[in-house]
Amino acid sequence: MDLFVIMLFLHVLGAIVAFGPGFAAMVVGPMVAKEPQYANFYARSQVLAGRRLVTPVSISLAITGVAMIALRGWPTLTGDKHWLEAGILLYVVAVIVAMAIQAPAGRKLVELTAQPPVPGAGPSPELLKTAGRVRTGGIVLSALVVAITFLMIAKPF
């Protein structure tokens, strides 16, 4: 089997594994908002999945991407179009957002939900602000993943 095909397989599989959980969070997050007693468990599970799965696998995308470029060459892959440069730029932005914004906000959410909510009391303003930051960051990351996927498949320019 061609080494390029193996790298491509690992690259696509890595993208699915790394970014799939972010799309699931759009469904589970609102459920947790309705049942705040589970917020800490969910926040801890997201942070752990990020640390042990999402981050290492998303970094592996750079390795397999560079390997594919080394194996086939930039001009052969791109056909002298600029879709790959745009995809790489968006990937770098996504990694920066994930590591500089999402990860610290997720850890803060774990801290803020460490104590069970007081019955009848609403969430603290800091908790709402942090949850909003996590939600917004998740939306931004999901949009970046969709844009990168489009660029990698359609190769529009």
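Before any of the text, the structure's been laid out above.
Residues numbered from 1 in each chain as written. Predicted model: local features only at pLDDT ≥ 70, side-chain atom pairs only at ≥ 80, totals over all residues. Heavy atoms only, no water.

Novice: I would appreciate a short explanation of helix α4 (residues 83-112) in the present structure.
Specialist: Since the α-helix turns once every 3.6 residues, residues separated by three or four places project in the same direction. In this model, α4 (30 residues) spans 41 Å end to end at C-alpha, consistent with the 44 Å of a helix rising 1.5 Å per residue. By the largest-angle criterion, alanine 98 marks the main kink of α4, which is about 35°. (Helix = DSSP H or I, 4+ residues; strand = E, 2+ residues; numbered from the N terminus. Expected span 1.5 Å × (residues − 1). Bend = angle between axes of the 7 residues up to and from the residue.)

Novice: Help me understand the pattern of salt bridges in this model?
Specialist: Two side chains carrying opposite charge are able to pair once their charged atoms lie near each other. Scanning the model with the defined rule gives two salt bridges in all. Between arginine 72 and aspartate 2 there is a salt bridge, with its nearest N and O atoms 2.5 Å apart. Placement of arginine 72 in helix α2 (residues 39-72) and of aspartate 2 in the segment before α1 (3-34) is noted, with a sequence separation of 70 residues between them. A relative accessible area of 35% means that arginine 72 is categorised as partly exposed. Among the salt bridges present, the one from lysine 108 reaches glutamate 126, with a minimum N-O distance of 3.0 Å. With a gap of 18 residues between them, lysine 108 in helix α4 and glutamate 126 in helix α5 (residues 125-154) connect regions that are remote in the sequence. On the accessibility criterion, lysine 108 (27% relative accessible area) is partly exposed. (Salt bridge = Lys/Arg side-chain N within 4 Å of Asp/Glu carboxyl O. Buried < 20%, exposed > 50% of the residue type's maximum accessible area, 1.4 Å probe, protein only.)

Novice: Is there a simple way to explain the packing of α4 against α5 in this structure?
Specialist: Packed helices, taken two at a time, are described by the angle their axes make and the gap between the axes. Where α4 meets α5, the closest approach of the two axes is 9 Å, and the angle between their N-to-C directions is 160°. Considered as vectors, α4 and α5 are oriented roughly antiparallel to each other. Where α4 crosses over α5, the handedness of that crossing is left-handed. Tallied by class, the residues present in the contact of α4 with α5 amount to 22 nonpolar, six polar and three charged. (Axes fitted to C-alpha atoms, helices over the stretch in contact; angles between N-to-C directions. Parallel < 35°, antiparallel > 145°, perpendicular 65-115°, else oblique. Left-handed = near helix turned anticlockwise from the far one by under 90°. Nonpolar A, V, L, I, M, F, W, Y, C, P; charged D, E, K, R; others polar.)

Novice: Looking at this model, I keep getting lost on the packing of aromatic side chains. Mind explaining?
Specialist: Centre-to-centre distance and the angle between the planes together describe a pair of aromatic rings. Here the structure, examined in full by the defined rule, presents zero aromatic pairs. Geometry around phenylalanine 4 places arginine 72 over its ring, the cationic atom sitting 4.0 Å from the centre. (Phe/Tyr/Trp six-rings, centres within 6.5 Å; stacked < 30°, edge-to-face > 60°. Lys NZ or Arg CZ within 6 Å of the ring centre and 35° of its normal.)

Novice: Got a minute to help me understand α1 in this structure?
Specialist: With 32 residues, α1 ought to run about 46 Å at 1.5 Å a step, and its terminal C-alpha atoms sit 48 Å apart, in line with that. Bending of α1 peaks at approximately 40° at the position of methionine 26, with proline proline 30 no more than four residues after it. Against α2 and α3 (74-78) lie the buried residues of α1. By the N-cap criterion, in which a side-chain oxygen at the helix start approaches the backbone nitrogen of a residue two or three places on, α1 is capped by aspartate 2, the distance to phenylalanine 4 being 3.2 Å. (Contact = heavy atoms within 4.5 Å. Polar contact = N/O pair within 3.5 Å; in protein donor to acceptor, adjacent residues only side chain to side chain.)

Novice: Any chance you could explain a nonpolar patch on the surface here in plain terms?
Specialist: Taken together, the side chains of Met1, Leu3, Val5, Ile6, Phe9, Leu10, Leu13 and Leu71 define a hydrophobic patch exposed on the protein surface, amounting to about 760 Å² of accessible area. The element best represented in the nonpolar patch is α1, accounting for six residues. (Patch = residues over 30% accessible without salt bridge, like charges linked within 9 Å, V, L, I, M, F, W, Y side chains within 5 Å. Areas by Shrake-Rupley, 256 points an atom, 1.4 Å probe, with all protein chains shown as cover.)

Novice: Just to check I follow, could you spell out unusual backbone geometry for this structure?
Specialist: The phi angle of most residues is negative, glycine excepted, and most peptide bonds adopt the trans form. The phi dihedral of aspartate 80 falls on the positive side, at around 60°, and the residue is not glycine. Tracing the backbone shows aspartate 80 in the loop between α3 and α4. Here aspartate 80 falls in the exposed class, since its relative accessible area comes to 65%. The backbone phi angle of lysine 155 is positive, close to 45°, even though this residue is not glycine. Looking at the element boundaries, lysine 155 is found in the segment after α5. Judged by its relative accessible area of 34%, lysine 155 is partly exposed.

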